[in-house]
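Reading the structure
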Amino acid sequence: MAQTTPPYHVPVMPSEVVELFAPLRRGVIVDATYGGGGHSAALLAAMPDIRILGLDRDLDATARVPVEPRVRLETANFGNLAAVLADPDVGAWIDEPGDHDSHGIGVAGLLFDFGVSSHQLDEAQRGFSYHGEGPLDMRMGPDADLTAADLVNSWDRDELARVIRRFGEEQFARRIADAIVRRRPIATTGELAAIVAGAVPAAARRRRHPARKTFQALRIAVNDELAAVEQGLEDAIASVRPQGRIVVIAYHSLEDRIVKQRFAAGAAGCECPPGLPVCVCEKAAELIRLTRKPLRPTEEEVRRNPRARSARLRAVERAAA
């Protein structure tokens, strides 16, 4: 039987993303985590008057340039969003005359789909997956300074345990770090996955893969993901035009907590003590929350794409000036 090539990346909740951006009608939407371009393709098909500025730090993704005049791709980390938008050539493309609505020029919308792509997981040589055998890499792009092998083989036990506990929320972080240090040097994902599995109690091995949280923690550390999430959100809020929209899909509580708290702070407005008869701080809300609670994928979508099961989508609109 002929083998079929898996899709580069299956977009999560594409219908919900399109529905949230649909009121924008015209302008540029920044797909800050372009990946395989699935979300962008859905937006382009549903919204004939929008254009897409795609960003991705992964050279595999930005090499897949579509033959589409409404799409422009930039090789960049979304944590450097402000620098990309400050480029005069990019700015001129965004503010192309006649391609904006009554709310003026500037970015109409921004989409973030955090986490690792299907392609990165399926390519064993990228070193993201604990299911296959590959080098301990885990870099999402060449801008990352260290590989997972560097961390695993050079960091001391306490630092490894701290990272695994903090970024993986792993209760057995100390045991795993001890096992890693004892078994150095470690060269492959298969070796590391087996070491982690042997370090945790048997009961933990009977649930989801015991190396899942450790691999997540190392990936986050290698790519400095949480700092990029924080900076990318700030840049997005600063750059989106009035009544523009920001849509974010997160896959674990660390990312989602950052998004939830920043959106809540932006939507809070007045900070005066509750006993004052009138507002004196003069702080107006900069954001309007479009999703009070995060949207989750349907059961049908999870059946078709199990990797969507942990996704949480939150969205806001920039308050009118």
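All of these numbers come straight from a predicted model, not from anything done at the bench.

A few words on the overall build of the protein chain. Within the protein chain, the regular secondary structure consists of 15 helices and 7 strands. Expressed as a percentage of the 321 residues in the protein chain, the buried residues total 50%. The contacts in the protein chain between residues at least 6 apart in sequence include a share of 66% that link residues at least 24 apart. By element, 52% of the accessible surface of the protein chain is carried by carbon and sulfur atoms, the whole surface being about 15500 Å².

The next point concerns the pattern of salt bridges. Scanning the entire structure with this criterion turns up 19 salt bridges. In this structure, the salt-bridge partner of R26 is D49, at a minimum N-O distance of 3.8 Å. Note that R26 is positioned in the loop between α1 (14–21) and β1 (27–31) and D49 in the loop between α2 (38–46) and β2 (50–56), a separation of 23 residues in sequence. On the basis of relative accessible area, D49 is assigned to the partly exposed category, the value being 39%. A salt bridge links R262 to E286; the nearest nitrogen and oxygen atoms lie 2.9 Å apart. Residue R262 is located in helix α14 (residues 253–268), and its partner E286 is located in the loop between α14 and β6 (287–289); the two are separated by 24 residues in the primary sequence. For R262, a relative accessible area of 16% translates into the label buried. Where salt bridges share partners, they join R157, D158, R174 and D178 into one cluster.

Looking now at the pairing of strand β4 (residues 107–113). Taken across its 7 residues, β4 has 7 buried, putting it largely inside the fold. Here β1 runs beside β4; their pairing, made up of 4 bridges, is parallel. Looking at the pairing, D31 lines up with L111 of β4. Of the pairings in the sheet, the one linking β4 to strand β5 (residues 240–250) comprises 6 bridges and is parallel in character. When the bridges of β5 are listed, L110 appears paired with I246.

Here the focus is the side chain of E301. Considering the arrangement of structural elements, one finds E301 in helix α15 (residues 299–304). In this structure E301 is buried but unpaired, with R304 as the nearest side chain of opposite charge at 5.2 Å. Setting aside residues no more than four positions away along its own chain, E301 makes contact with P11, V12, M13, P14 and A308.

The next subject is the nonpolar core. Formed by 69 residues in total, the largest nonpolar core has its most connected members in V30, L53, L110, F112, I180, L192 and I246. Apart from residues lying up to four places away in sequence, V30 is in contact with L53, L55, L81, L85, V107, G109, L110 and L111. Listed in part, the 25 residues of the second largest apolar core include L44, L111, Y251 and A308.

Segments scoring low in pLDDT should not have their predicted coordinates read at a detailed level. Overall, the prediction assigns the protein chain a mean pLDDT of 88, with 89% of residues at 70 or greater. In the predicted structure, residues 1–6 sits below a pLDDT of 50 and forms 1 contact with residues beyond four places in sequence or in another chain.

This part is about the packing of α1 against α2. Running from N to C, α1 and α2 point in directions that differ by 50°, and their axes come no closer than 9 Å. Viewed along their axes, α1 and α2 adopt a mutual orientation that is oblique. Relative to α2, the crossing made by α1 is right-handed. Between α1, through P14, V17, V18 and F21, and α2, the contact on the second element is made entirely by H39, A42, L43 and A46.

Before going further, it helps to spend a moment on helix α8 (residues 157–168). Spanning 12 residues, α8 covers 16 Å between terminal C-alpha atoms, matching the ideal 16 Å at 1.5 Å per step. Buried residues of α8: L160, A161, V163, I164, F167 and G168, and no others. Down the axis, α8 shows its buried residues gathered within 165° of arc, on one side only. Lining the buried residues of α8 we find α7 (148–154), α9 (173–182), α12 (212–223), α13 (225–239) and α14. N-cap assignment for α8: the residue whose side-chain oxygen lies 3.2 Å from the backbone N of D158 is D156. Phi turns positive, to about 50°, at E169, one or two residues after α8.

To continue, consider the environment of R241. Inspection of the secondary structure puts R241 in strand β5. Overall, the relative accessible area of 4% leaves R241 in the buried class. In sequence terms R241 and R318 are 77 residues apart; their C-alpha atoms lie 6.9 Å from each other.

As summarised here, the arrangement of the 7 strands in space is β3-β2-β1-β4-β5-β7-β6, forming an open sheet in which the pairing is mixed. The sheet terminates laterally at β3 (71–75) and β6, the two strands that pair on one side only. Averaged over all neighbouring strand pairs, the angle between strand axes comes to 20°, with direction disregarded. Across the sheet, α1 is in contact with β1, β4, β5 and β7 (312–318); its angle to β5 comes to roughly 170°. Together, β1, β2, β3, β4 and β5 form the strand contacts of α2, whose direction differs from that of β2 by roughly 175°.

Cut-off values and rules
Residues numbered from 1 in each chain as written. Predicted model: local features only at pLDDT ≥ 70, side-chain atom pairs only at ≥ 80, totals over all residues. Heavy atoms only, no water. Helix = DSSP H or I, 4+ residues; strand = E, 2+ residues; numbered from the N terminus. Buried < 20%, exposed > 50% of the residue type's maximum accessible area, 1.4 Å probe, protein only. Contact = heavy atoms within 4.5 Å. Areas by Shrake-Rupley, 256 points an atom, 1.4 Å probe, with all protein chains shown as cover. Salt bridge = Lys/Arg side-chain N within 4 Å of Asp/Glu carboxyl O. Pairing = 2+ DSSP bridges. Lys, Arg positive; Asp, Glu negative; His and termini not counted. Core = buried A, V, L, I, M, F, W, Y, C linked by side-chain atoms within 4.5 Å. pLDDT = per-residue confidence, 0-100. Axes fitted to C-alpha atoms, helices over the stretch in contact; angles between N-to-C directions. Parallel < 35°, antiparallel > 145°, perpendicular 65-115°, else oblique. Left-handed = near helix turned anticlockwise from the far one by under 90°. Expected span 1.5 Å × (residues − 1). Arc of directions from axis to C-beta. Polar contact = N/O pair within 3.5 Å; in protein donor to acceptor, adjacent residues only side chain to side chain.

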